[in-house]
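Residue strings, one per chain:
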Amino acid sequence: MSYLFEPENLLPQDGIALYYGVIYPEIEANQLCHQLFDTIPWKQDEVRMFGKLLTTKRKIAWFADPGIHYTYAGVKKEGLAWIDLLLGIKQKVEAITGAKYNACLLNLYHEGAEGMGYHKDNEKEIISGSSIASLSFGVPRRFSFKHALTNEKLDIELDNGSLLEMKGDIQQYWYHALPKTKKVKQMRINLTFRMMHQQ
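Structural notes, computed from the coordinates. (Residues numbered from 1 in each chain as written. Predicted model: local features only at pLDDT ≥ 70, side-chain atom pairs only at ≥ 80, totals over all residues. Heavy atoms only, no water.)

**Focus on the layout of surface pockets**
Working step 1: Its boundaries defined by the atoms lining it, the largest pocket holds a volume of some 530 Å³.
Working step 2: Contributing to the lining of the largest pocket are 30 residues, with Arg58, Tyr109, Gly115, Met116 and His119 lying nearest its centre.
Working step 3: Contributing elements (two or more residues each) for the lining of the largest pocket: β3 (52-64), β4 (69-72), β6 (103-109), β7 (116-119), β12 (174-178) and β13 (188-194). (1 Å grid on protein atoms, 1.4 Å probe; cavity = no way out; pocket = protein on both sides within 12 Å on 5 of 7 lines; lining within 4 Å. Points joined across faces, edges and corners; volume = space filled by probe spheres on them. Helix = DSSP H or I, 4+ residues; strand = E, 2+ residues; numbered from the N terminus.)

Laid out in C-alpha cells, this is it:
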C-alpha cells in the first residue's frame with residue numbers, strides 16, 4: 001500500500017527529490033528520537049582521507065540484511081542485525097514511498113556544529129537509481145542540493161519527523177549536504193533507508 005499522494009519533485013531536472021513533510025507527529029517524533037538515541041549502539045564514524053584514518057564527531061550505526069556490506073570514505077561497514085524499533089519505522093517508510101529497503105545508515109548529529117559536506121550516495125553497493133529515504137528526527141536542519149555540472153543550488157529545511165526521498169538520476173547529477181551552523185544547539189538523528197546489492 002502506497003501513500004495517499006506523491007509530492008512534487010523539488011529538483012528542476014536530472015533526478016527526483018520528493019519531500020513528504022512530517023510523517024510522524026511531534027510528540028511521536030520526539031519519543032522516537034529519544035528511543036533511537038538511547039537504544040542504537042552509536043559509534044564515531046571513521047573516514048579515510050589522504051591516506052589517514054580520521055574519526056568524526058558525528059556518530060553512526062549501520063543496519064542491514066545478512067550479507068550486505070557498505071564501503072564509503074575508504075572504510076568498510078559491517079551491518080548490524082535489525083531491531084524491532086527500526087523495522088517498525090522501515091515498514092512505515094516503505095508504505096509511504098512504495099519502495100523496499102534492505103539497509104539503513106543512521107547519523108547522530110549532537111548539534112549544528114556537526115554536519116556533512118557535499119557528497120553523492122553513489123557507492124557501487126547501492127543499487128543505481130533506487131530510492132533512498134531520509135527520515136529526520138530532532139531539531140530542524142537545512143539540507144542543500146548542488147548540481148554537479150551547473151552548480152545550481154537548492155535548499156530545504158527538514159523538519160522533525162519528516163521524510164525526504166531521493167531516486168532516479170539524482171545521485172549522478174546532484175550533490176547533497178547538511179551544512180554546519182553555530183545557531184543550532186540541539187541534536188538531530190537521521191535515518192537513510194537504502195536498497196543495496198547482496199554480496
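Once you've had a look at it, read on.
**Section: the packing of aromatic side chains**
Aromatic ring pairs are defined here through the distance separating the ring centres and the angle between the ring planes.
Working step 1: Tallied over the entire structure, the rule returns four aromatic pairs.
Working step 2: With a centroid separation of 6.1 Å and 45° between ring planes, the pair formed by Tyr101 and Phe193 is classed as tilted. Placement of the pair is Tyr101 in the loop between α2 (84-97) and β6 and Phe193 in strand β13, with a sequence separation of 92 residues.
Working step 3: Arranged with centres 5.3 Å apart and planes meeting at 80°, the rings of Phe143 and Phe145 form a pair that is edge-to-face.
Working step 4: Judged by its relative accessible area of 7%, Phe143 falls in the buried class.
Working step 5: Of the residues examined, Phe145 reaches a relative accessible area of 0% and is grouped as buried.
Working step 6: Stacked on the ring of Trp82, the Lys or Arg Lys90 has its end atom at 5.5 Å from the ring centre.
Working step 7: The ring of Tyr175 carries Lys120 above its face, with NZ or CZ at 4.8 Å from the centroid. (Phe/Tyr/Trp six-rings, centres within 6.5 Å; stacked < 30°, edge-to-face > 60°. Buried < 20%, exposed > 50% of the residue type's maximum accessible area, 1.4 Å probe, protein only. Lys NZ or Arg CZ within 6 Å of the ring centre and 35° of its normal.)

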